[in-house]
Amino acid sequence: MVVSKSFCIFAKYSTTLKTMANKRSLKKAINQICEELFTEAVAASLYGNDVNEENTRALLVTIMKTQRNYTSRVSHPEPGIKASVYYKDLREKFAAQISEVVDQINNL
């Protein structure tokens, strides 16, 4: 159940991540993905078998830090880097980190 739902969450917002209309829409997509992954992690920890509380807490903290980190990076791009290159790199790194989180949720 967790595998299909988590990938559906990511796929649902992946088009927003690929084509950034503006900073607001990118932040909104990041927030929604992280919020839904947080919910999935909590549900997996409550209804899963043999769940380690320390691993679950660490995963939840990772999701919150990821959300905070990437929303702040959207607002404050690095100087000296072309905007299109910066945001493309940001989206790729976010997608990679989210796929790692999805794998961790599946392993709970």
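Structure shown above.
How each quantity is defined
- Residues numbered from 1 in each chain as written.
- Predicted model: local features only at pLDDT ≥ 70, side-chain atom pairs only at ≥ 80, totals over all residues.
- Heavy atoms only, no water.
- Helix = DSSP H or I, 4+ residues; strand = E, 2+ residues; numbered from the N terminus.
- Buried < 20%, exposed > 50% of the residue type's maximum accessible area, 1.4 Å probe, protein only.
- Contact = heavy atoms within 4.5 Å.
- Areas by Shrake-Rupley, 256 points an atom, 1.4 Å probe, with all protein chains shown as cover.
- Polar contact = N/O pair within 3.5 Å; in protein donor to acceptor, adjacent residues only side chain to side chain.
- Core = buried A, V, L, I, M, F, W, Y, C linked by side-chain atoms within 4.5 Å.
- Axes fitted to C-alpha atoms, helices over the stretch in contact; angles between N-to-C directions.
- Parallel < 35°, antiparallel > 145°, perpendicular 65-115°, else oblique.

## Thoughts on the overall build of the chain
Here's step 1: The helix and strand tally for the chain stands at four helices and zero strands.
Here's step 2: Listed N to C, the secondary structure of the chain is α-α-α-α in terms of helices and strands.
Here's step 3: Within the span of the chain, comprising 108 residues, buried residues form 31% of the whole.
Here's step 4: Considering only intrachain contacts with a sequence separation of at least 6, the fraction spanning at least 24 residues in the chain is 71%.
Here's step 5: Summing over all exposed atoms, the chain offers an accessible surface of approximately 6,800 Å²; the carbon and sulfur share of this is 53%.

## Description of the environment of Ser75
Here's step 1: Mapping Ser75 onto the fold places it in helix H3 (residues 53-75).
Here's step 2: The class of Ser75 is partly exposed, set by a relative accessible area of 26%.
Here's step 3: Considered as a pair, Ser75 and Lys23 are 52 residues apart in the sequence and their alpha carbons are 7.3 Å apart.
Here's step 4: Residues contacting Ser75, with those up to four places away along its chain left out, are Lys23 and Lys27.
Here's step 5: A polar contact is formed between the side chain of Ser75 and the side chain of Lys27, at a distance of 2.6 Å.

## A word on the nonpolar core
Across soluble globular proteins, you tend to see nonpolar side chains buried next to one another.
Here's step 1: If you look at the biggest cluster of nonpolar residues, it comprises 20 residues, and the most contacted ones within it are Ile30, Leu37, Ile63, Leu90, Phe94, Ile98 and Ile105.
Here's step 2: Elements with a minimum of two residues in this core: helix H2 (23-47), H3 and helix H4 (83-106).
Here's step 3: No other element matches H4, which puts eight residues into this core.

## Examining the environment of Ser45
Here's step 1: With respect to the helices and strands, the residue Ser45 is situated in helix H2.
Here's step 2: When the C-alpha atoms of Ser45 and Thr56 are compared, they prove to be 6.6 Å apart, with 11 residues separating the residues in sequence.
Here's step 3: Beyond its immediate chain neighbours, meaning those up to four positions away, Ser45 contacts Val51 and Thr56.

## Quick notes on the packing of H3 against H4
Here's step 1: Relative orientation of the contacting elements H3 and H4 amounts to 170°, with a least axis distance of 11 Å. Between H3 and H4, the angle is such that the two are roughly antiparallel. Along its contact with H3, which presents Leu59, Thr62, Ile63, Thr66, Tyr70, Arg73 and Val74, the element H4 presents Tyr86, Tyr87, Leu90, Lys93, Phe94, Gln97, Ile98, Val101, Gln104 and Ile105.

## Focus on the side chain of Thr66
Here's step 1: The residue Thr66 is located in helix H3 in this model.
Here's step 2: Note on Thr66: relative accessible area 3%, which makes it buried.
Here's step 3: Within the local environment of Thr66, its side chain forms a polar contact with the side chain of Gln97, the two groups lying 3.0 Å apart.
Here's step 4: Other than its neighbours up to four places away in sequence, Thr66 contacts Phe94, Gln97 and Ile98.

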